[in-house]
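Single-letter residue listing:
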Amino acid sequence: MNRVLPLIVVALAILAFATLLLVAGPAAQIRSIDPPEGLAPYTAAELRGRNEYISLGCVYCHSQQPRSPEQAPDVLRGWGRPSTAADYVYDEPHLLGTMRTGPDLLNAGARLPSRAWQLTHLYQPRAIVPQSIMPAFPFLFEAKEQAAQGDVVVKVPARHRPEGKVIVARQEALDLVDYLLSLDRTYPAERTDLRDNGFMAQEEDS
Amino acid sequence: MNFTIGTLLAFSFAASLIAIAALIWAISTHQFRITESDARTVFGDEEGGKLDDPTSPHSDSHPSAVDPALSPEWRRLLIVMFVTATAWLVFGSIFGLIASLKLHLPDWLTGSAALTFGRMRTMHLNSVIYGFLSLGGVGAALWLVPTLFKTHLHKPRLAMLGAVIWNLAVFAGVIVIGAGWNDGLEWLEIPWQIDIFLAIGGACFAIPLLYTAAARRVNHIYVTGWYYLGGLVWFPVLFLLANLPGVHSGAQQATTNWWFAHNVLGLWLTPLGLGAAYYFIPKIIGKPIYSYRLSLLGFWALALFYSQVGMHHLIGGPVPTWVVSLSVVQSVMMVVPVVAVAINQHTLSLGNLWAWRESLPLRFVALGAILYTLASLQGSLEAVRAFNTVTHFTHYTVAHAHLGAYGFVALVLFGGIYYMLPRVTGRAWPMPWAISLHFWLVVAGFAVYFISLTIGGWLQGLAMLDATRDWLASMEVTLPYLAGRSLGGALMTLGHLVFAANLAVLFFGRTRRFEDDSDDVATPATATSTGA
């Protein structure tokens, strides 16, 4: 340990080994798969909404990766079947998430398909779920004296909106809801080998 | 397919085991040319054997004398590093506190998108990781590497350019995250267009340190140097590969994301923290670490195992089973380097409890090193599938992340800065009581923070696994603990403000003036040894 160069070379070689295993290995398996038949690419509006989801940091409270029934009751909660790598072929960047301060959203569109519900919930979550700790996003909406033609008026209980005003969704809110409603992976799972089946294996062995 | 993948998994694990066995053999049969006396490198030309702490009245070190080896450019660089690191700490703490409060006061400050939880939390993370911890850690390296190599810092102006570029890039990154532009990946939120400047800034730090290493005047590279050199070559590779635009997508991108994110902790912040701890603990106490050869095992085992643990963030997720299992196994193997480091550092610090009473910087550093051990052992446990099933997706993980990044790295940096700045500025800390106040505020605050989130997260996980309870129960059960976390976070933030105030008075106060002629600070006895 008295020379700089060998130290650096070995250190880099170890990292290269890890990169081969953790980055190149999964990439070789995952990147070549075909999109599932039931999964459509995002539309332009959905992609704009997805960017809104990223921009507001929704991922820090909402995962998009239901676990298998052998591990956790995610299916029973209506979050959907365990997801596989094939469910994310159109996702860039990925939004798997690591927190469930809020529920999993991979099938939010299938579970909560009402546009009106989604808009009200984004404007003021506590108008629908009183104990919710989700942030309200009033800046995605406009409070107007009167709705103009073509405005999407959001149903908000009087106690949650400025007096005498109507709440109208801005384009950002409409896009975000488009994205949330697009979250639907209820088609049959494909490539179930490309997920962590470490919990199922235990069941089969025993 | 299963056969080849199973084989690959077995191969990678076997390769790691063989490497570690070879390492143990090499150490025990003296294949490395290191001896226990090399551990005394930290003492330089001095004997060691007595307390060395510029904040203690019972120490011989003279805080009023600037370290004679420091050239003016080098001094200015270190001051810029530590002052901007502290500024990022204050900003980052405020963002973090706001984010924490918003989790139990959801209708507070909802008027602007920049203030929403998802952005505040992300501005917090990027401020403290890339601002505070990276600048502070590299700042320590910019002082320790030349000091250990008995030379001066080469190319200090390039490093200063790096400090400016890095700060501007983090600033731009935090601002655009607040404005809603980010790359969408945890730990990689700063847009890649700005990351280019972080990479340039990082290179401006690495090149002077590599030049300095090449021009060293000692034969042996002390263990601190291994960690710093490792971190300096690892981070650029990680950062560049993970940020390549248009290359990664879908579930594959998730593996790259967590390969990067865990390696930022394991191969960047951990080396910065451990490198500093390996210097300051023996240096302040005046005695070498317990077993110098053991530190070799600690370093190489860290490199081998830590680099492969990232997929434990995707347990139960949509990535191949083998890669998750690999990371689970390597996470558990992390016990090896952690115990090696623990034996080395804690036997020394806990065997000299008098020094804990005597020296506040040591208290920070040695406590930080102990929390590294705890965070790492907890991390190994959390990677076990059964345990992870409870803690994944909960605040338990957030508590754990703070035990590592804050309890370990931040505390070590606090102690390091308290030790280094008197040497760099030639001034004693103007408010010694504030150091003690800082220590107790952040220790008490962090205890409240960690215990609250750990209990709350565990209950959250149990509730989420209980199919008979509505999901909402898993959120509601956390509320008192989230409020507890805000209380702890507020105390920590208060501690940081005390620290920043002490720093401000050090520079701008009237107590002990900065040398008027900062370009000519060498004391007569050592003027000739000034290299720059």
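The residue numbers shown here count from 1 along each chain, following its written sequence. To label them, take the chains in the order written and letter them from A, then take the ligands in the order written and number them from 1. Confidence filtering applies because this is a predicted model: local features only for residues at pLDDT of at least 70, side-chain atom pairs given and counted only at 80 or more, and all residues used for totals across whole chains, interfaces and linings. Computation of side-chain values: all heavy atoms of the structure, hydrogens and water removed.

Enquirer: It is not clear to me how the overall build of chain A should be interpreted in this structure. Could you clarify?
Expert: In DSSP terms, a helix is any run of H or I states spanning at least four residues, a strand is any run of E spanning at least two, and both are numbered starting from the N terminus. Scanning chain A from N- to C-terminus turns up six helices and three strands. Its helices and strands taken in sequence order, chain A reads α-α-α-α-β-β-β-α-α from the N to the C terminus. The reference for a compact globule is 2.2 Å times residues^0.38; the radius of gyration itself is calculated from the C-alpha atoms. Against the 2.2 N^0.38 benchmark of 17 Å for 206 residues, chain A shows a C-alpha radius of gyration of 22 Å, more extended than a compact globule. Counting only C-alpha atoms and orienting by the principal axes, one finds that chain A spans roughly 75 × 50 × 35 Å. Each residue is assigned to one of three classes by its accessible area relative to the maximum for its type, calculated with a 1.4 Å probe on protein chains only: buried under 20%, partly exposed between the two thresholds, exposed over 50%. Counting over 206 residues, chain A shows a buried share of 57%. Here a residue-residue contact requires only that any non-hydrogen atoms of the pair lie within 4.5 Å. Of the contacts made within chain A by residues no fewer than 6 positions apart, 71% connect residues no fewer than 24 positions apart. In this tally, Lys and Arg are treated as positive and Asp and Glu as negative; His is ignored, and so are the chain termini. The atoms used to mark charge sites are NZ of Lys, CZ of Arg, CG of Asp and CD of Glu. Side chains of chain A give 20 positive and 24 negative charges; the mean places of these two sets differ by 7 Å.

Enquirer: I keep staring at the overall build of chain B and nothing clicks. Help me out?
Expert: When helices and strands are tallied, chain B shows 17 helices and zero strands. Seen along its three principal axes, the alpha-carbon backbone of chain B occupies a region of about 75 × 60 × 45 Å. The buried share among the 532 residues of chain B stands at 64%. Pairs at least 24 apart in sequence give 83% of the contacts found in chain B among residues at least 6 apart. Computed with the Shrake-Rupley method and a 1.4 Å probe, the accessible areas treat only the protein chains shown as cover for residues. Approximately 18,000 Å² of chain B is accessible, and the part contributed by carbon and sulfur atoms is 70%. In chain B, which carries 26 positive and 25 negative side-chain charges, the distance between the mean positions of the two groups comes to 4 Å.

Enquirer: I would appreciate a short explanation of helix 10 (residues 335-350) of chain B in the present structure.
Expert: The quantity called bend is, for any residue, the angle between two axes fitted respectively to the seven residues ending at it and the seven beginning at it. Along helix 10 of chain B, the largest kink reaches about 25° and is centred on Ile343(B). Here the buried face of helix 10 of chain B lies against helix 6 (223-243), helix 7 (250-285), helix 8 (292-306), helix 9 (321-333), helix 11 (353-358) and helix 12 (360-383) of chain B.

Enquirer: Looking at this structure, I do not really get the interface of chain B and chain A. What am I missing?
Expert: Size of an interface: often given as the accessible area lost when the parts come together. On the side of chain A, 75 residues touch chain B, which itself brings 106 residues to the contact. Buried area: the accessible surface (1.4 Å probe) lost by two parts on joining, summed over both. Overall, the association of chain B and chain A removes approximately 7,400 Å² of surface from exposure, summing both partners, and the carbon and sulfur fraction of that is 66%. When residues of chain B are sorted by the area they lose upon contact with chain A, Pro318(B), Phe393(B) and Trp471(B) head the list and together hold 11% of the total. For this document, the term salt bridge refers to a Lys or Arg side-chain nitrogen within 4 Å of an Asp or Glu carboxyl oxygen. Counting the contacts that link chain B with chain A gives two salt bridges. With a shortest N-O distance of 2.8 Å, Asp196(A) and Arg385(B) are connected by a salt bridge. Identification of polar contacts relies on pairs of N or O atoms within 3.5 Å, with a donor-acceptor requirement for protein atoms, meaning one able to donate a hydrogen and the other able to accept it, and with residues adjacent in sequence counted only if both atoms are side-chain atoms. Here chain B and chain A share 32 residue pairs in polar contact (both at pLDDT 80 or more) between them.

Enquirer: Could you clarify how one ought to interpret the UniProt feature "domain: Cytochrome oxidase subunit I profile" (unreviewed entry) in chain B in this entry?
Expert: UniProt positions are given in the numbering used here, feature names are shortened, and annotations may be inferred rather than shown by experiment. The feature "domain: Cytochrome oxidase subunit I profile" (unreviewed entry), as given by UniProt, occupies residues 258-507 of chain B in the numbering adopted here. Taken end to end, residues 258-507 of chain B comprises 84% helix and 0% strand; its first and last C-alpha atoms sit 41 Å apart.

Enquirer: Before we go on, may I ask you to explain the UniProt feature "domain: Cytochrome c" (unreviewed entry) in chain A in this structure?
Expert: UniProt records the feature "domain: Cytochrome c" (unreviewed entry) at residues 44-184 of chain A, using the numbering of this structure. As a span, residues 44-184 of chain A carries 26% helix and 7% strand, and end to end its C-alpha atoms are 17 Å apart.

Enquirer: Explain the sheet that holds strand 2 (residues 153-154) of chain A to me, please; I cannot follow it from the model alone.
Expert: Sheets are built from strands paired through backbone hydrogen bonds, the pairs being either parallel or antiparallel. Residue and element names in this part refer to chain A. Spatially, 1-3-2 is the arrangement adopted by the three strands of the open sheet, whose pairing is antiparallel. A single partner strand is all that each edge strand has here, and the edge strands are strand 1 (141-144) and strand 2. When DSSP locates at least two bridges between a pair of strands, those strands are taken to pair. Pairing of strand 1 with strand 3 (residues 166-169), which is carried by four bridges, proceeds in the antiparallel orientation. In the sheet register, Glu142 faces strand 3, and the bridge partner there is Val168. Each of strand 1, strand 2 and strand 3 is contacted by helix 4 (residues 115-123), which is oriented at about 85° to strand 1, the strand it contacts most. Each axis is a line fitted through C-alpha atoms, and for a helix only the stretch in contact is used; angles between axes span 0 to 180 degrees, taken between their N-to-C directions.

Enquirer: Can you walk me through the nonpolar core in this structure?
Expert: Nonpolar side chains in soluble globular proteins generally cluster together in the buried interior. Residues belong to a common nonpolar core when they are buried Ala, Val, Leu, Ile, Met, Phe, Trp, Tyr or Cys residues joined through side-chain atoms within 4.5 Å. Phe141(A), Tyr130(B), Leu142(B) and Phe260(B) are the most contacted members of the largest nonpolar core, which totals 223 residues. What fixes the domain bounds is an automatic or database domain assignment. Counting the residues that make up this core, at least three belong to each of domain 1 (7-36) and domain 2 (37-186) of chain A. If sequence neighbours within four positions are ignored, Leu142(B) has contacts with Trp74(B), Leu77(B), Leu78(B), Met81(B), Leu153(B), Ala159(B), Phe205(B) and Leu209(B).

Enquirer: Which parts of the structure should I look at to understand a nonpolar patch on the surface?
Expert: All names here are of chain B. Here a patch means residues that are over 30% exposed by relative accessible area and free of salt bridges, tied together within 9 Å if like-charged and within 5 Å if nonpolar (Val, Leu, Ile, Met, Phe, Trp, Tyr). On the surface, Tyr290, Val335, Val339, Ile343 and Leu377 cluster together into a nonpolar patch covering about 400 Å² of accessible area. With three residues, the top contributor of residues to the nonpolar patch is helix 10. Judged by its relative accessible area of 33%, Ile343 is partly exposed.

Enquirer: For this particular structure, what's the right way to read the packing of helix 3 (residues 117-148) of chain B against helix 6 of chain B?
Expert: If you want to describe how two helices pack, look at the angle between their axes and the distance between the axes. All names here are of chain B. One can describe the packing of helix 3 onto helix 6 by two numbers: an axis separation of 10 Å at closest approach and a directional angle of 130°. Taken together, the axes of helix 3 and helix 6 are oblique relative to one another. Pair helix 3 / helix 6 crosses with left-handed handedness. Mapping the contact onto sequence places Tyr130, Gly137, Ala140, Ala141, Leu144, Val145 and Leu148 in helix 3 and Thr224, Tyr228 and Phe235 in helix 6. We call Asp, Glu, Lys and Arg charged. Ala, Val, Leu, Ile, Met, Phe, Trp, Tyr, Cys and Pro are nonpolar, and the rest, Gly among them, are polar. When the residues that make up the contact of helix 3 with helix 6 are grouped by side-chain class, the tally is eight nonpolar, two polar and no charged. Our angle categories are set so that under 35 degrees counts as roughly parallel, over 145 as roughly antiparallel, 65 to 115 as roughly perpendicular, and the remainder as oblique. We call a crossing left-handed when the near helix sits turned anticlockwise from the far one by less than a right angle, and right-handed when that turn is clockwise.

Enquirer: It is not clear to me how the packing of aromatic side chains should be interpreted in this structure. Could you clarify?
Expert: The geometry of an aromatic ring pair comes down to the distance between the two centres and the angle between the two planes. The criterion for an aromatic pair is that two Phe, Tyr or Trp rings (for Trp, the six-membered ring) have centres within 6.5 Å, with stacked assigned to planes under 30 degrees apart, edge-to-face to planes over 60 apart and tilted to the rest. Summed over the entire model, instances satisfying the criterion amount to 38 aromatic pairs over all chains. Taking 5.9 Å as the distance between ring centres and 90° as the angle between the ring planes, the aromatic pair formed by Phe137(A) and Phe139(A) counts as edge-to-face. Across the pair, Phe139(A) and Phe137(A) agree in class, each one buried. Look at Trp166(B) and Phe235(B): their rings are 6.4 Å apart centre to centre, the planes differ by 50°, and that puts the pair in the tilted class. Here Phe235(B) lies in helix 6 and Trp166(B) lies in helix 4 (residues 156-179), a separation of 69 residues in the sequence. For Phe235(B), a relative accessible area of 7% puts it in the buried group. Among the aromatic side chains, those forming a connected cluster through ring pairs are Phe132(B), Phe364(B), Tyr406(B), Phe414(B), Tyr418(B), Trp429(B), Phe439(B), Trp440(B), Phe446(B), Tyr449(B), Phe450(B) and Phe499(B).

Enquirer: How do you make sense of the side chain of Thr493(B) when you look at a structure like this?
Expert: All names here are of chain B. Of note, Thr493 is situated in helix 17 (residues 479-508). Owing to a relative accessible area of 9%, Thr493 belongs among the buried residues under this scheme. Excluding anything up to four places from it in sequence, Thr493 contacts Ser93 and Leu97.

Enquirer: Any chance you could explain the confidence of the model for chain B here in plain terms?
Expert: Note: predicted coordinates in regions of low pLDDT should not be interpreted at a detailed level. In the predicted model, chain B carries a mean pLDDT of 91, and the fraction of residues at 70 or more is 93%. How sure the predictor is of each residue is captured by pLDDT, a score from 0 to 100. Under a pLDDT of 50 for its full length, residues 513-532 of chain B has, in the predicted model, 24 contacts with residues more than four places off or in other chains.

Enquirer: I would appreciate a short explanation of the pattern of salt bridges in the present structure.
Expert: Between side chains of opposite charge, a pair can form as their charged atoms come close. Inspection of the entire model under this criterion finds 17 salt bridges over all chains. Arg50(A) is paired through a salt bridge with Asp91(A); the nearest N and O atoms lie 3.4 Å apart. Taken together, the positions of Arg50(A) in helix 2 (residues 44-55) and Asp91(A) in the loop between helix 2 and helix 3 (108-111) put the pair 41 residues apart, joining distant regions of the chain. The residues Arg50(A) and Asp91(A) share a single accessibility class, namely buried. Here Asp52(B) makes a salt bridge to Lys283(B), at a shortest N to O gap of 3.5 Å. Placement of Asp52(B) in the loop between helix 1 (2-28) and helix 2 (72-104) and of Lys283(B) in helix 7 is noted, with a sequence separation of 231 residues between them. Here Asp52(B) falls in the buried class, since its relative accessible area comes to 9%. A relative accessible area of 7% means that Lys283(B) is categorised as buried. The structure contains a network of salt bridges with shared partners spanning Arg67(A), Asp74(A), Arg100(A) and Asp104(A).

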